[in-house]
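# Examining the three-dimensional arrangement
Spelled out, the chains give:
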Amino acid sequence: MIKYPFTLIYLISSLIIIVLPFYWWTYNFGGLVVIETSPFQMSIYFLGTFLKISYVISAALEAFRIFLIIVISRDIYLFLKGKIIIRNRILLMLTISYLVYPLVIYVVITYLMSSHGIYSNYSFLEIGKELVSVKYENVNLLLTFTFYPQIIYWIALAISFLFIPSYLETRKLKK
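Summary of the structure given here. (Residues numbered from 1 in each chain as written. Predicted model: local features only at pLDDT ≥ 70, side-chain atom pairs only at ≥ 80, totals over all residues. Heavy atoms only, no water.)

## Some points on the overall build of the protein chain
- When helices and strands are tallied, the protein chain shows five helices and seven strands.
- Secondary structure elements of the protein chain occur, N-terminal to C-terminal, as α-β-β-β-β-α-α-β-β-β-α-α.
- Taken over the C-alpha trace, the protein chain has a radius of gyration of 20 Å; the compact-globule value for 175 residues is 16 Å, which it surpasses by more than 25%.
- With respect to the principal axes defined by its C-alpha atoms, the protein chain has extents near 70 × 30 × 25 Å.
- Relative to its 175 residues, the protein chain shows a buried fraction of 38%.
- Carbon and sulfur atoms form 70% of the exposed surface of the protein chain, whose accessible area is close to 10300 Å².
- Counting 14 positive and 7 negative side-chain charges, the protein chain places the averaged centre of each group 17 Å from the other. (Helix = DSSP H or I, 4+ residues; strand = E, 2+ residues; numbered from the N terminus. Rg over C-alpha atoms; globule rule 2.2 N^0.38 Å. Buried < 20%, exposed > 50% of the residue type's maximum accessible area, 1.4 Å probe, protein only. Areas by Shrake-Rupley, 256 points an atom, 1.4 Å probe, with all protein chains shown as cover. Lys, Arg positive; Asp, Glu negative; His and termini not counted. Charge placed at Lys NZ, Arg CZ, Asp CG, Glu CD.)

Structure follows, in structure tokens:
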């Protein structure tokens, strides 16, 4: 019988989520800019054209993925050997950070764009659709902003909360 089942389930599930090559969120700014993202890859489209900068960003994010695969694999190995139990909270931090990104987008759109003479009626949007009018000099645009998580994000978020029982069952262990 395994002494710390939540920890083992959390570590293995985290590894599986990190290995899967799926996007977690899609941000669509009226079709002008579409961003598909996860902590491990990103695709950016401008007017329907894939931007090559996505390759550079994704390469750095893939390096991060490989690093996490190595770290969590080591944690699983050590756990199975009974040597030490690592409390790895990286998946929890990554999934929670994705709930903050729409706030960052709001700040960028509201304050940075208005400081450059671009105004909009954009109100904060976490998940869903919003019709936004954007005005720059004599040009008015009516755009539909759509922010939505993919199913893999919800799975990752659920798995990340396994950190709590994992922490509780191993909290008295010394590192």
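Let's pick the thread back up.
## What to know about the nonpolar core
- Membership of the largest hydrophobic core comes to 39 residues, with the highest contact counts inside it found for Trp-24, Tyr-27, Phe-29, Tyr-122, Phe-145 and Phe-147.
- Going through the elements one at a time, α1 (5–19), β1 (25–29), β3 (41–46), α2 (53–81), α3 (90–112), β6 (128–136), β7 (139–149) and α4 (151–160) are the ones with two or more residues in this core.
- If we ignore the near neighbours within four places in the chain, the residues touching Phe-147 are Trp-25, Thr-26, Tyr-27, Asn-28, Phe-29, Pro-102, Ile-105, Tyr-122, Leu-125, Glu-126, Ile-127 and Gly-128. (Core = buried A, V, L, I, M, F, W, Y, C linked by side-chain atoms within 4.5 Å. Contact = heavy atoms within 4.5 Å.)

## Digging into α1
- Along its 15 residues, α1 runs 21 Å from first to last C-alpha, staying within 8% of the 21 Å computed at 1.5 Å per residue.
- When we look at burial in α1, the residues that qualify are Thr-7, Leu-8, Tyr-10, Leu-11, Ser-13, Ser-14, Leu-15, Ile-17 and Ile-18.
- Looking at the buried side of α1, the elements it contacts are α2, α3, α4 and α5 (163–170). (Expected span 1.5 Å × (residues − 1).)

## Side note on the pairing of β7
- In the sheet, β1 pairs with β7 via five bridges, with the strands oriented antiparallel. Bridge assignment links Phe-29 to a residue of β7, and that residue is Phe-145.
- One ladder, built from nine bridges, connects β6 with β7; its direction is antiparallel. Each residue of the ladder has a partner; that of Leu-131, found in β7, is Thr-144. (Pairing = 2+ DSSP bridges.)

## Focus: the packing of α1 against α4
- At a closest axis distance of 10 Å, the pairing of α1 and α4 adopts a crossing angle of 155°. In terms of axis orientation, α1 runs roughly antiparallel to α4. For the element pair α1 and α4, the recorded crossing hand is left-handed. Contacts from Tyr-10, Ser-13, Ser-14 and Ile-17 in α1 reach Ile-152, Ile-155, Ala-156, Ile-159 and Ser-160 in α4.
- Split into classes, the residues belonging to the contact of α1 with α4 amount to six nonpolar, three polar and no charged. (Axes fitted to C-alpha atoms, helices over the stretch in contact; angles between N-to-C directions. Parallel < 35°, antiparallel > 145°, perpendicular 65-115°, else oblique. Left-handed = near helix turned anticlockwise from the far one by under 90°. Nonpolar A, V, L, I, M, F, W, Y, C, P; charged D, E, K, R; others polar.)

## Comments concerning the environment of Ala-63
- In this structure, Ala-63 sits in helix α2.
- When the C-alpha positions of Ala-63 and Leu-141 are compared, they lie 38 Å apart, and in sequence the two are 78 residues distant.

## With respect to a nonpolar patch on the surface
- A contiguous nonpolar patch, built from Val-100, Tyr-101, Leu-103, Val-104, Val-107, Val-108, Tyr-111, Leu-112 and Phe-124 and spanning about 790 Å² of accessible area, is present on the exposed surface.
- As for its position among the elements, Val-104 is in helix α3.
- Note on Val-104: relative accessible area 45%, which makes it partly exposed. (Patch = residues over 30% accessible without salt bridge, like charges linked within 9 Å, V, L, I, M, F, W, Y side chains within 5 Å. Salt bridge = Lys/Arg side-chain N within 4 Å of Asp/Glu carboxyl O.)

## Considering unusual backbone geometry
- One non-glycine residue, Leu-47, lies in the positive phi region at around 50°.
- Locating Leu-47 in the fold gives a position in the loop between β3 and β4 (49–50).
- Even without a glycine there, the phi angle at Glu-137 is positive, about 50°.
- Mapped onto the elements of the fold, Glu-137 is located in the loop between β6 and β7.
- Judged by relative accessible area, Glu-137 falls into the exposed class, the value being 59%.

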